[in-house]
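# Fold and geometry: a report
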Amino acid sequence: MTTRTRKLLDKSFTAIAYSSLALMAAAVAVFLLPIIINGSNAFIFDATVEHEKFLCENLDYDETASIKERVGRSQAARAPLYEMFNKFEYSGLSAQIERSINATRAEALKKISESGEEMSRIVSLPREKRKAAADAFSAEIWKSYIAEVDRMVKSAHSDGTSFSLAEILSLQKDGISDLCKESIAKAGKFGFSQRNLLRRALTTDVTAILTERKESLRRENAAYETFKRGVSELLGPETDAEKESLKLTRQKYGQPRMDLAREVFKNSIEQITIHDRDENGNEISTRVKTEEFFKGTPVEKMFSYIKKNFDAMMQPHYTVYLGFFFDNPYDSNIFGGIWPMILGTFYLTVGAMLIAAPLGIIAAIYFAEYAANNSFVSFLRVCVGTLAGVPSIVFGLFGLAFLINTLKVSESKSVLAGSITLALLILPTIIRSCEEALKSVPNSYREAALGLGAGKWKAICTVILPSALPAMLTGIIISMGRAAGETAPIIFTAATSTGAALAITEIFTQATPALPWNIYNICSEHEMAERVAHVQYGMVLTLIAIVLSLNFAAIWLRARMQKRTRV
Amino acid sequence: MNATLEIEKKKHSNIMKESPEANPKSGPGNIVEASGFSVYYGKFHAVKNVSLGLERGKVTAIIGPSGCGKSTFLRCINRMNDLVEGCKTTGLLALEGIDIYHPRLDVVELRRRVGMVFQRPNPFPKSIYDNVAYGVRLKGAIRKSELDDIVEMSLRRAALWDEVKDRLNANAIGMSGGQQQRLCIARALAISPEVLLMDEPCSALDPKSTARIEDLIAELAGEYTIAIVTHNMQQAARVSDFTAFFYEGNLVEFGETKIIFTNPKNKATNDYITGRFG
């Protein structure tokens, strides 16, 4: 091989090494960056005034002057909107409308009672002509009444009286048959069948028209209700009394975060869903733009008011909400923080460590220092290796079947059972790494200690263990990181999806929320998963931070101790 | 500790088939006595039927080419070979008449009486003070002032005190190789052994450090019985009173150093010390 080729080969190997390093760094960046960005969004975000209201009312945060001021400003900005709602729903015009409709109805009824001759003529007509004549007569009678109703319906749209009008029309429809009967009786003497015939002829069409007009209003009213629900989702309930009557925290407060508020505005206010019936009578829902649907109505004004004063009503405020890590969650993590999950993870991990580390170290000492080279020890080694390869879900089932159901370490799931299960899971890894660490202690240390009259156990305790400690700790801490992140073993043995932070005395009997399980739970089984996306990312970031900081602690510890103990 | 050994001795006096007097090569002043002593590593016969005695208070050098069994023999004296798997001995090796390989012998007591210095300096990754105090502390609780005295005395004897007295709490790993080796000697001296075994103590050191260690051996002779394995012919000639030449597991020649180096009886010894092989 010439020098040239050798150099070329060297260079290409270097290039490959560098590029693989770069690739790894890029992979880490692609993996970690979104988690860091989205995760920090869980506690650094644009909060609305609702967020502060929630904290002050539920978590005993100080209601500072600036918060009071923001609440005040938001209330001032919301007041005109609620004013508009009230005006729209309880219009002063309704009495007037009712009067004018009743007046035209009275006129029509009067006309009926005065048209005795006409009606006699109609009933005496032969059957085939009678229908047309009756319809024409009815149309003539109700003409001005229908015109008046139509006028009202038309102006209801712009006056914002559709609510009251629908009510009025419903009453009119119910009353009209009896009133007709009366008027026919006043008009003259008709036989039973004649009376019925006349009444049917006079009421059928007008009832249908009234129903149809009312329906047209109802559609608009339903759309308005939807719109109003959207607004209350955004802003929360209007009054304290209303708030008291609601049960869920998510109903008691508006949107706590600006990103969610904008989402709600886009999905439930800017666009709304209305329900129609198609030609077959099946209900169909369609999305319409609020602005177009309510064009020319007071609702359009409300909408443009919300749009224009959105910030004033929500009072966005850039917040670092460290309470995310230390507050209890409210209403399935929609409000509050993730403290119980963090604490649960801490309990489980530390518990697993307290069980696994001593056992693992003792087993490793046996393997490294005492075990003879026979088939029994080889068998033990195979067992440890096999245990390391068992899927974690199997450990979870084992924990449930053996620890909880058979040994009954606790009545049902508990931190204790979970810790033991996790400890069994990481035990093989700890044994392995500790054994390697012990074996890497130079034999000369052993000889020196024994040569100075130390017994085997003394030599292990005073020289070998201290020298192996950095490497052992590294292995143990890395296993700790694994225990912190394991989900499957704790599903059956320790984890619940909701629950308060446990006191230290409760860990023997109580199940706990824990980060890995709750990440799964909140992503897949939460009823409003998309509304708590920031919490998902926040939990993931927290878990990764815990595991990474454990690993960094291991690296730091090793570096520190190696400096002290190695050449 | 002597009490334990006393008991062992009384109980198993019948084991001692050959009394020191019965061995023609041994004088009354021998502290370590080997007769017909063999060592096997598995099937490999490493030391073959060796009989020799280490005279009390004298320095005995063991020389021979690599793989001749000299280190193995040395390490048998405080049973360091127990650590080697498949190591087996036959024959008799006795310390002051007590069978070193008797199954009921307390190895810990033996090793306190027979200290060892290894080829490569192997101080513990602890402070200088802790290194020296290690063996003393193992014996049991001791007052701090007493311990301080022992540490100082041991370091002085190892000619290290002046160099380290200001940094007794510094890590021993930070010392130079020669200092480390002298620290190991001090550590061995701290438990006041009767015999000091040195397994090529200077092979990893520079000439200057070697010279200091040799001076030290000369100073310690008389007070301690020293057995030193070395590859360095001059060293053996300089420091020892007696020299044993091992070759392929056999003790070829044993006698006063002066005689061995000036007038060896055996041709192989002559070839080796004159550098014709080895």
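Please read all numbers here as calculations on a predicted model, not as lab measurements.

How each quantity is defined
- Residues numbered from 1 in each chain as written.
- Chains lettered and ligands numbered in written order.
- Predicted model: local features only at pLDDT ≥ 70, side-chain atom pairs only at ≥ 80, totals over all residues.
- Heavy atoms only, no water.
- Salt bridge = Lys/Arg side-chain N within 4 Å of Asp/Glu carboxyl O.
- Helix = DSSP H or I, 4+ residues; strand = E, 2+ residues; numbered from the N terminus.
- Buried < 20%, exposed > 50% of the residue type's maximum accessible area, 1.4 Å probe, protein only.
- Contact = heavy atoms within 4.5 Å.
- Domains from an automatic or database assignment.
- Pairing = 2+ DSSP bridges.
- Buried area = accessible area lost by both parts, 1.4 Å probe.
- Polar contact = N/O pair within 3.5 Å; in protein donor to acceptor, adjacent residues only side chain to side chain.
- Nonpolar A, V, L, I, M, F, W, Y, C, P; charged D, E, K, R; others polar.
- Axes fitted to C-alpha atoms, helices over the stretch in contact; angles between N-to-C directions.
- Parallel < 35°, antiparallel > 145°, perpendicular 65-115°, else oblique.
- Left-handed = near helix turned anticlockwise from the far one by under 90°.
- Patch = residues over 30% accessible without salt bridge, like charges linked within 9 Å, V, L, I, M, F, W, Y side chains within 5 Å.
- Areas by Shrake-Rupley, 256 points an atom, 1.4 Å probe, with all protein chains shown as cover.
- Core = buried A, V, L, I, M, F, W, Y, C linked by side-chain atoms within 4.5 Å.
- pLDDT = per-residue confidence, 0-100.
- Phe/Tyr/Trp six-rings, centres within 6.5 Å; stacked < 30°, edge-to-face > 60°.

### Some thoughts on the pattern of salt bridges
Scanning the model with the defined rule gives 32 salt bridges over all chains in all. Among the ionic pairs, Arg78 of chain A bridges to Glu50 of chain A, the shortest N-O distance being 2.9 Å. Separated by 28 residues along the polypeptide, Arg78 of chain A in helix α3 (residues 65-89) and Glu50 of chain A in helix α2 (residues 49-58) bring together distant segments of the chain. For Arg78 of chain A, a relative accessible area of 4% corresponds to the buried category. Arg213 of chain A serves as the salt-bridge partner of Asp150 of chain A, at 2.1 Å between the closest nitrogen and oxygen. Here Asp150 of chain A, found in helix α6 (residues 127-159), pairs with Arg213 of chain A, found in helix α8 (residues 192-235); they are 63 residues apart in sequence, far enough to count as distant. According to the relative accessible area criterion, Asp150 of chain A is partly exposed, its value standing at 25%. Within the structure, one salt-bridge network assembled from shared partners comprises Arg56, Glu96, Arg113 and Glu194 of chain B.

### Re the environment of Ile273 of chain B
Residue and element names in this part refer to chain B. Residue placement: Ile273 occurs in helix α11 (residues 267-273). Residue classification places Ile273 among the buried residues on the basis of a relative accessible area of 15%. Distance from Ile273 to Asn232, taken between C-alpha atoms, is 9.5 Å for residues 41 residues apart in sequence. When near neighbours in sequence (up to four residues on either side) are disregarded, Ile273 contacts Ile63, Met233, Ile260, Phe261 and Pro264.

### Details of the domain arrangement of chain A
Partitioning chain A into structural domains gives domain 1 (57-75 + 227-319), domain 2 (88-224) and domain 3 (335-565). In this structure, domain 2 of chain A and domain 3 of chain A have C-alpha centres spaced 81 Å apart.

### Overview of helix α2 (residues 70-77) of chain B
Residue and element names in this part refer to chain B. Within α2, seven of the eight residues are buried, leaving the element largely enclosed by the surrounding structure. By the burial criterion, the buried members of α2 are Lys70, Thr72, Phe73, Leu74, Arg75, Cys76 and Ile77. Arg79 sits one or two positions beyond α2 and adopts a positive phi of about 55°.

### Thoughts on the pairing of strand β6 (residues 114-117) of chain B
Residues and elements named next belong to chain B. Of the two faces of β6, both are covered, the one formed by Val114 and Met116 as well as the one formed by Gly115 and Val117. Taken together, the four bridges between β6 and strand β7 (residues 195-199) define a ladder with parallel strand orientation. Within β7, the residue paired with Val114 across the bridge is Val195.

### Structural notes on the interface of chain B and chain A
Contacts between the two partners involve 24 residues from chain B, matched on the other side by 21 residues from chain A. On the chain B side of the contact with chain A, Pro125, Tyr134 and Leu138 of chain B bury the most area, a combined 26% of that side's loss. At the boundary of chain B with chain A, the tally comes to one salt bridge. Between Arg75 of chain B and Glu447 of chain A there is a salt bridge; the shortest N-O distance is 2.6 Å. At the surface where chain B touches chain A, the tally comes to five residue pairs in polar contact (both at pLDDT 80 or more). Of all the secondary-structure elements, those providing two or more residues to the side of chain B that touches chain A are α3 (107-113), β6, α4 (128-139) and α7 (177-190) of chain B. Its residues assigned to classes, the side of chain B that touches chain A comprises 13 nonpolar, five polar and six charged.

### A word on the packing of α8 of chain A against helix α13 (residues 298-308) of chain A
Residue and element names in this part refer to chain A. It is at 12 Å that the axes of α8 and α13 come closest, and there the two elements cross at 20°. As far as their axial angle goes, α13 and α8 are roughly parallel. Like other packed secondary-structure pairs, α8 and α13 cross with a definite hand, here left-handed. Here Tyr224, Phe227, Val231 and Leu234 of α8 lie close against α13, whose contacting residues are Val299, Met302, Phe303 and Ile306. Of the residues contributing to the contact of α8 with α13, the split by class is eight nonpolar, no polar and no charged.

### Some thoughts on the sheet that holds strand β4 (residues 87-95) of chain B
Residues and elements named next belong to chain B. Overall, antiparallel pairing links the four strands, which are arranged β2-β1-β4-β5 in an open sheet. This sheet does not close on itself; its edge strands, each paired only once, are β2 (44-55) and β5 (98-99). Bridging between β4 and β5 involves two bridges; their strand directions are antiparallel. From the neighbouring strand, Ala94 faces β5, where its bridge partner is Asp99. Strands in contact with α2 are β1 (30-41), β2 and β4; relative to β1, the strand with the most contacts, it is inclined by about 120°.

### Thoughts on the side chain of Gln181 of chain B
Residues and elements named next belong to chain B. Inspection of the secondary structure puts Gln181 in helix α7. Since its relative accessible area comes to 0%, Gln181 is described here as buried. Polar side-chain contacts of Gln181 include one of 3.4 Å to the backbone oxygen of Gln119. Reaching out from Gln181, the side chain makes a polar contact with the backbone oxygen of Pro201 at a distance of 2.8 Å. The contact partners of Gln181, leaving out residues within four places of it in the chain, are Val117, Phe118, Gln119, Arg120, Pro121, Pro201, Leu205 and Ile213.

### Some words on a nonpolar patch on the surface
Residues and elements named next belong to chain A. Among the surface-exposed residues, Tyr366, Tyr370, Phe376, Phe379 and Trp457 lie close enough to one another that they form a single nonpolar patch of about 570 Å² accessible area. Contributing elements (two or more residues each) for the nonpolar patch: α16 (339-370) and α17 (375-389). Checked against the element boundaries, Phe376 lands in helix α17.

### Regarding the nonpolar core
Grouped together as the largest cluster of nonpolar side chains are 135 residues, with contacts concentrated most on Phe73, Ile77, Leu93, Leu155 and Phe246 of chain B. Within the second largest apolar cluster, 35 residues are counted, among which are Val123, Leu169, Ala187 and Val206 of chain A.

### Some points on the confidence of the model for chain B
Chain-level pLDDT for chain B is 84 on average; 89% of the residues reach the 70-or-more range. This stretch, residues 1-26 of chain B, has a pLDDT under 50; its non-local contacts, to residues over four places away or in other chains, come to 31 contacts.

### Remarks on the packing of aromatic side chains
Residues and elements named next belong to chain A. Scanning the entire structure with this criterion turns up 28 aromatic pairs over all chains. Centroid distance Phe227 to Phe294: 6.3 Å. Interplanar angle 55°. Geometry classified as tilted. Here the residue Phe227 occupies a position in helix α8, and Phe294 occupies one in the loop between α12 (290-293) and α13, the gap between them amounting to 67 residues. Given the relative accessible area of 0%, Phe227 is considered buried. Relative to Phe303, the ring of Phe265 has its centre 5.9 Å away and its plane inclined at 10°; by these criteria the two rings are stacked.

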